[in-house]
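# A look at the structure
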Amino acid sequence: MPGILTFALHYEGAFNKNSLGAVTEASKLARELGTEAHAVVVGENVPDELASQLGAYGASKVFRVQAPEGLAQPVVDAMAKVMTDNGHDYALFGGGLLGFEIGAGLAARLNAGVTMEVTAVDVEDGRLVAQRPILGDSAISESRYRGKGIIIGRLNAFEMQQSADAGSSATVEDVQVELSPWSTKARMVTRGEQRGADVDIEGADILIAGGRGLGKAEGFETLEQLAASFGGNSAVAATRAVVDAGWYPYAAQIGQTGKTVAPKLYLAAGISGAIQHKVGMQASENIVAINKDSNAPIFEFSDLGVVGDLNKIVPKLIDAVKAKKGG
Amino acid sequence: MKICVLVKEVPDAAVEKRINPQTGRLDRSGEKNLNPYDTHAIEAAMQIKEGGAVQVDEIVAVTMGPESATRALHKAVSLGADRSIQLTDDALAGSDVQATGYALATVLQKESPDLVLLGQQSDDGECYTIGAIVADHLQMPSLTQVIKMDVNDSALRCERQAEYGYDTVEIDLPAVISVGDAINEPRYPSLKAIMGAKKKPLEKMGSGDAGIDGSRVGADGSMVQCGNFKAPPSKSAGEIIEDEDTNETVERIVAWLDERKLI
Ligand SMILES: Cc1cc2nc3c(=O)[nH]c(=O)nc-3n(C[C@H](O)[C@H](O)[C@H](O)COP(=O)(O)OP(=O)(O)OC[C@H]3O[C@@H](n4cnc5c(N)ncnc54)[C@H](O)[C@@H]3O)c2cc1C
Ligand SMILES: Cc1cc2nc3c(=O)[nH]c(=O)nc-3n(C[C@H](O)[C@H](O)[C@H](O)COP(=O)(O)OP(=O)(O)OC[C@H]3O[C@@H](n4cnc5c(N)ncnc54)[C@H](O)[C@@H]3O)c2cc1C
């Protein structure tokens, strides 16, 4: 029967939140379409208890495939087979990185239409229509599919939710998939390496975040002083650009391949406000940005934007916050 | 070893990008440039060539795009490519990512590259997906967002950040790799290289020459239709402070924070 297939990413015995969001969304859409939502789980010996958990989020069936974890191409083989054998019309992915690679490979394999960075999906005349913000979120375009449709969500676009019959567990069906020769030519050497110190930023009320505009790793020392001046529950966060550069630990990274946070205050210094960063912090209660470029995208979604040189502003801000607290 | 680098012409960063309401496609009328993310892919190819671990015989820049895209190829050559190929045909206009990836893969097939490099994203479409699509058509292993790459004659050792931290992956050649912008700091072309770029071989071909099935490309051959453009829900603009007198700026920031009980 036609339906919607999702990919459920898991790591160290737990499903990815964005994958659970995709399963939730697929089950909601499947109900509207009068069909079913299914999921594919790929890995080495994935236990029944784990796979069947997806039932609570609305998947009626889980296809379990024995293949290497953490790489996209084996999953393309698995999903292409499941979709072809069972006639699924759509594949849906949560935000992240692997979903982009798998969805793209699947579009090539099945000659399907693909939309990425999707923030909402509607049902129209019995077909799915996906909404995608484009051109730096200045417009939204709608995607319609001529044949099969591949929909890749933006991070946190689909919220996970247990379904009404939350007790239900999905049936788990094992599928034998013969991997394509090229899918076996990549081997995971190490996965999920945590570079830098294990800092905790998720519980902080005040987050001071720094980006490439700091100019050098030492810029983070100043941001740590600023965070300390607020006292209490404050911490320092970072963008991928500076984490990749080795300036700050990965554990402090906000965004698509980092953490999602919603503190009372998010103060961004020297951060441009790329979509992949925005998706991890846009739910913050108050966003303050310091950036020397008045056209920086971050000003589009800040509550207070300060156009200026952070090297001049931040040191004085530390003193002023301290003075305020002391006074 | 032969390396092909995929490069794209995009509207210049200074141009405000918009959809042409007549065509429903990106307005490409203004100033154009080589996609800045692709300069990292060219630089990665140059570093492999200069690194000495393997012998690189040729770096070939490949683009699919209108006449004007020749200039993006000149820029790619000025940054180090030895020659370039431009796939250009009105029949290709309006191709979605899957059709674009299929067309590019068809051109690449004839070149039999050992390594195909791409940028992490284009500055206009921002689809992030061409690498994985090209790889599936070429039946090659692939990885995107790679920020470190060690190469030997038969394999690559790549590092990239994924959902749970940094992954290290070993990939056999031939392979398709999209590089993240943290992989290197692209060089500036020398004046001599800029002047010489137009003299390097540039091959132009239409879809027929490349052996592309016309029914699988262009707007009609694309399986996704994007349209019905609309404005996003409007968000009230935030307050802006232009820093002129920093003492005053800081005072205003503190007052703003204090009003919201954030200090
Ligand atoms: C698949 C994928 C996943 C990604 N995941 C993430 C993620 O999880 N998190 C993330 O953050 N990014 C992520 N990115 C990268 C993202 O697209 C951006 O490249 C990144 O967020 C940019 O970081 P930045 O703002 O520090 O640097 P830049 O974009 O370089 O911005 C630096 C800013 O500093 C300003 N500046 C410079 N000097 C000064 C000064 N003296 N004073 C004030 N301002 C100054 C500049 O005007 C500029 O706006 C991802 C990208 C992809 C493709
Ligand atoms: C605003 C907008 C939104 C779009 N949304 C969608 C969509 O949702 N689904 C869809 O299928 N299509 C979409 N398209 C069409 C898509 O952008 C084009 O098919 C485009 O040619 C390829 O996508 P990209 O440039 O975004 O690729 P990306 O995957 O972002 O590009 C990655 C790399 O691929 C290489 N590359 C990309 N294009 C070329 C080229 N023409 N020649 C050589 N190398 C290239 C470059 O190295 C580049 O760095 C959209 C286009 C626009 C302008």
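Since the model is a prediction, treat every value here as computed from it, not as a measurement.

### With respect to the overall build of chain B
When helices and strands are tallied, chain B shows eight helices and 15 strands. With the C-alpha coordinates aligned to their principal axes, the bounding extent of chain B is approximately 65 × 50 × 40 Å. Of the accessible surface of chain B, which amounts to about 11600 Å², a share of 47% is contributed by carbon and sulfur atoms. With 27 positive and 43 negative side-chain charges, chain B shows a spacing of 4 Å between the two charge centroids.

### Focus: the site of ligand 2
In the vicinity of ligand 2 lie 32 residues, with L6, K8, D38, S122 and T129 of chain B positioned nearest. What surrounds ligand 2 is not a single chain but chains A and B. In the environment of ligand 2, an oxygen atom lies 3.1 Å from a nitrogen or oxygen atom belonging to the backbone of G119 of chain B. The contact in question runs from an oxygen atom of ligand 2 to an N or O atom on the backbone of C127 of chain B, over 3.0 Å. With the chains in place, 93% of the 930 Å² that ligand 2 exposes on its own is no longer accessible. Elements with a minimum of two residues in the shell around ligand 2: β7 (113-118) and β9 (127-134) of chain A together with β6 (58-64), α3 (97-111), β8 (115-119) and β14 (224-230) of chain B. Classifying every residue of the shell around ligand 2 gives 17 nonpolar, 10 polar and five charged.

### Quick notes on the sheet that holds strand β18 (residues 304-307) of chain A
Spatially, six strands are ordered β15(A)-β14(A)-β16(A)-β17(A)-β18(A)-β15(B) in an open sheet, and the strand pairing comes out parallel. Each edge of the open sheet carries a strand with a single partner, namely β15 (234-238) of chain A together with β15 (239-242) of chain B. Put simply, the sheet's adjacent strands are angled 15° from each other on average, direction ignored. The pairing of strand β14 (residues 206-210) of chain A with β15 of chain A spans five bridges and is classified as parallel. Its bridge partner lying in β15 of chain A, G210 of chain A is registered against A238 of chain A. Against the sheet, helix α8 (residues 310-326) of chain A contacts β16 (265-269), β17 (286-291) and β18 of chain A, and its axis sits at roughly 130° relative to β17 of chain A. Of the strands in this sheet, β16, β17 and β18 of chain A together with β15 of chain B touch helix α8 (residues 246-259) of chain B, which is tilted by about 160° from β15 of chain B.

### Here we look at the site of ligand 1
In the vicinity of ligand 1 there are 30 residues, among which R212, T239, I254, S272 and Q276 of chain A approach most closely. This site is not confined to one chain, since residues near ligand 1 come from chains A and B. R212 of chain A places a polar main-chain atom, nitrogen or oxygen, 2.7 Å from an oxygen atom of ligand 1. Interatomic distance of 3.2 Å between a backbone N/O atom of G270 of chain A and an oxygen atom of ligand 1. Only α6 (240-244), α7 (275-278) and α8 of chain A provide two or more residues apiece to the shell around ligand 1. Across the shell around ligand 1, the residue classes break down as seven nonpolar, 18 polar and five charged.

### Focus on the pattern of salt bridges
Applying the stated criterion across every chain yields a total of 37 salt bridges over all chains. For E193 of chain A, the salt bridge is made with R195 of chain A, and the minimal N-O distance between the two is 3.2 Å. Across the salt bridge formed by D123 of chain B and K17 of chain B, the nearest N and O atoms sit 3.9 Å from each other. Of the two residues, D123 of chain B sits in the loop between β8 and α4 (130-138) while K17 of chain B sits in the loop between β2 (9-11) and β3 (19-20), which places them 106 residues apart along the sequence. Of the residues examined, D123 of chain B reaches a relative accessible area of 17% and is grouped as buried. Within the structure, one salt-bridge network assembled from shared partners comprises E117, D137, R154 and K278 of chain A.

### A few points about the domain arrangement of chain A
Residue and element names in this part refer to chain A. Partitioning chain A into domains gives domain 1 (4-184) and domain 2 (206-324). Taken over C-alpha atoms, the centre of domain 1 sits 33 Å from the centre of domain 2. Contacts between the two partners involve nine residues from domain 1, matched on the other side by seven residues from domain 2. Taken together, both faces of the contact between domain 1 and domain 2 bury some 670 Å²; the carbon and sulfur share is 53%. Counting across the interface, domain 1 meets domain 2 through one salt bridge. Linking K278 and D137 is a salt bridge whose minimum nitrogen-to-oxygen distance equals 2.8 Å. Summed over the shared surface of domain 1 and domain 2, the number is four residue pairs in polar contact (both at pLDDT 80 or more). For the side of domain 1 that touches domain 2, the per-class residue count stands at three nonpolar, three polar and three charged.

### So, helix α1 (residues 36-51) of chain B
Between its terminal C-alpha atoms α1 of chain B stretches 23 Å, which fits the 22 Å expected from 16 residues at 1.5 Å a residue. Two residues or fewer past α1 of chain B, G52 of chain B is found with a positive phi of approximately 85°.

Rules used throughout
Residues numbered from 1 in each chain as written. Chains lettered and ligands numbered in written order. Predicted model: local features only at pLDDT ≥ 70, side-chain atom pairs only at ≥ 80, totals over all residues. Heavy atoms only, no water. Helix = DSSP H or I, 4+ residues; strand = E, 2+ residues; numbered from the N terminus. Areas by Shrake-Rupley, 256 points an atom, 1.4 Å probe, with all protein chains shown as cover. Lys, Arg positive; Asp, Glu negative; His and termini not counted. Charge placed at Lys NZ, Arg CZ, Asp CG, Glu CD. Near = heavy atom within 4 Å. Polar contact = N/O pair within 3.5 Å; in protein donor to acceptor, adjacent residues only side chain to side chain. Nonpolar A, V, L, I, M, F, W, Y, C, P; charged D, E, K, R; others polar. Pairing = 2+ DSSP bridges. Axes fitted to C-alpha atoms, helices over the stretch in contact; angles between N-to-C directions. Contact = heavy atoms within 4.5 Å. Salt bridge = Lys/Arg side-chain N within 4 Å of Asp/Glu carboxyl O. Buried < 20%, exposed > 50% of the residue type's maximum accessible area, 1.4 Å probe, protein only. Domains from an automatic or database assignment. Buried area = accessible area lost by both parts, 1.4 Å probe. Expected span 1.5 Å × (residues − 1).

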